[in-house]
Amino acid sequence: MTSFLHRLFPGGHFVISVLFFVAGAALIVLAAIQLWQGIQPFEAAALNQRLNAVLESIAVLTVAVAALELGQTILEEEVHRQAQMSAPTRVRRFLSRFMVVLVVALSLETMVLVFRVSQEAPEQLPYVASVGVAAALLLVAWGVFIRLNRSAEELDPEAMQAAKREDRKIEKSAKGEDKS
């Protein structure tokens, strides 16, 4: 029974990865529509409305990037590699990819919010700053996590070498798919 369930997980992860891709693609389309509404030269609109539409499209694109990157991470780590998350190297790699996406998305969202809020409601800037502080704290926490877990890599260098071999194998297969 347990082995049967273990064989189902890659399929579930694949479905989740596809759904992240579909959500990311839908967000890209919505961001393009929003951007077009912001820059339409033949429509009468205030400059603030245009700027807000463009900034909103950037915010939506930021979430789309996060969705696509998470889908790719799940596909590569859980489906292609069928990683066992008990391995410290895999946990660090997966967490690192997720944290990069999260920190970049929060940082871009902070930038977009600063532009928007500074014009519309400057009294809300401390709340926006808290999002930026959260992104910075996540970055620091991630750095501390990596630093403290480096000893696990030194204890199990074979796992890191195996992960690097898998990376090269997946890169080669991806390049092979691109050529066809």
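The paragraphs below set out a description of the structure included in this document. Given the structure is predicted, the values throughout are model-derived calculations rather than measurements.

1. Quick notes on the overall build of the protein
Assigned secondary structure in the protein consists of five helices and zero strands. The helix and strand sequence of the protein, counted from the amino end, reads α-α-α-α-α. Evaluated residue by residue, the protein yields a buried proportion of 27% over its 180 residues. Pairs at least 24 apart in sequence give 68% of the contacts found in the protein among residues at least 6 apart. As displayed, the protein has an accessible area near 11,800 Å², and 69% of this comes from carbon and sulfur atoms.

2. Some thoughts on the packing of helix α1 (residues 2–39) against helix α2 (residues 47–80)
Where α1 contacts α2, the two axes come as close as 8 Å, and the packing angle between them is 165 degrees. With respect to their mutual orientation, α1 and α2 come out roughly antiparallel. The two elements α1 and α2 meet at a crossing, and its hand is left-handed. Looking at the contact of α1 with α2 residue by residue, the classes come out as 23 nonpolar, eight polar and three charged.

3. Comments concerning the environment of phenylalanine 98
For phenylalanine 98, the location among the structural elements is in helix α3 (residues 88–120). With a relative accessible area of 30%, phenylalanine 98 lands in the partly exposed category. Along the sequence, phenylalanine 98 and threonine 73 sit 25 residues apart, while their C-alpha atoms lie 7.7 Å from each other.

4. So, a positive patch on the surface
A contiguous patch of positive charge, built from Arg165, Arg168, Lys172 and Lys175, is present on the exposed surface. You can see lysine 175 is positioned in helix α5 (residues 157–179). Given the relative accessible area of 56%, lysine 175 is considered exposed.

5. What about a nonpolar patch on the surface?
Where nonpolar side chains cluster on the molecular surface, the patch consists of Phe14, Val15, Val18, Leu19, Phe21 and Val22 and spans about 550 Å² of accessible area. Secondary-structure assignment places valine 22 in helix α1.

6. Looking at the side chain of serine 17
With respect to the helices, strands and loops of the structure, serine 17 is situated in helix α1. Not counting residues within four places of it along the chain, the set of residues in contact with serine 17 comprises Gly71, Gln72, Ile74 and Leu75.

7. Points about the pattern of salt bridges
According to the stated counting rule, one finds three salt bridges in the structure shown. Here glutamate 69 and arginine 97 are joined by a salt bridge, their closest N and O atoms 3.4 Å apart. Here arginine 97 lies in helix α3 and glutamate 69 lies in helix α2, a separation of 28 residues in the sequence.

8. Describing the environment of asparagine 52
Mapped onto the fold, asparagine 52 is located in helix α2. Residues asparagine 52 and glutamine 34, spaced 18 residues apart in sequence, show a C-alpha to C-alpha distance of 9.6 Å.

Rules and cut-offs
Residues numbered from 1 in each chain as written. Predicted model: local features only at pLDDT ≥ 70, side-chain atom pairs only at ≥ 80, totals over all residues. Heavy atoms only, no water. Helix = DSSP H or I, 4+ residues; strand = E, 2+ residues; numbered from the N terminus. Buried < 20%, exposed > 50% of the residue type's maximum accessible area, 1.4 Å probe, protein only. Contact = heavy atoms within 4.5 Å. Areas by Shrake-Rupley, 256 points an atom, 1.4 Å probe, with all protein chains shown as cover. Axes fitted to C-alpha atoms, helices over the stretch in contact; angles between N-to-C directions. Parallel < 35°, antiparallel > 145°, perpendicular 65-115°, else oblique. Left-handed = near helix turned anticlockwise from the far one by under 90°. Nonpolar A, V, L, I, M, F, W, Y, C, P; charged D, E, K, R; others polar. Patch = residues over 30% accessible without salt bridge, like charges linked within 9 Å, V, L, I, M, F, W, Y side chains within 5 Å. Salt bridge = Lys/Arg side-chain N within 4 Å of Asp/Glu carboxyl O. Lys, Arg positive; Asp, Glu negative; His and termini not counted. Charge placed at Lys NZ, Arg CZ, Asp CG, Glu CD.

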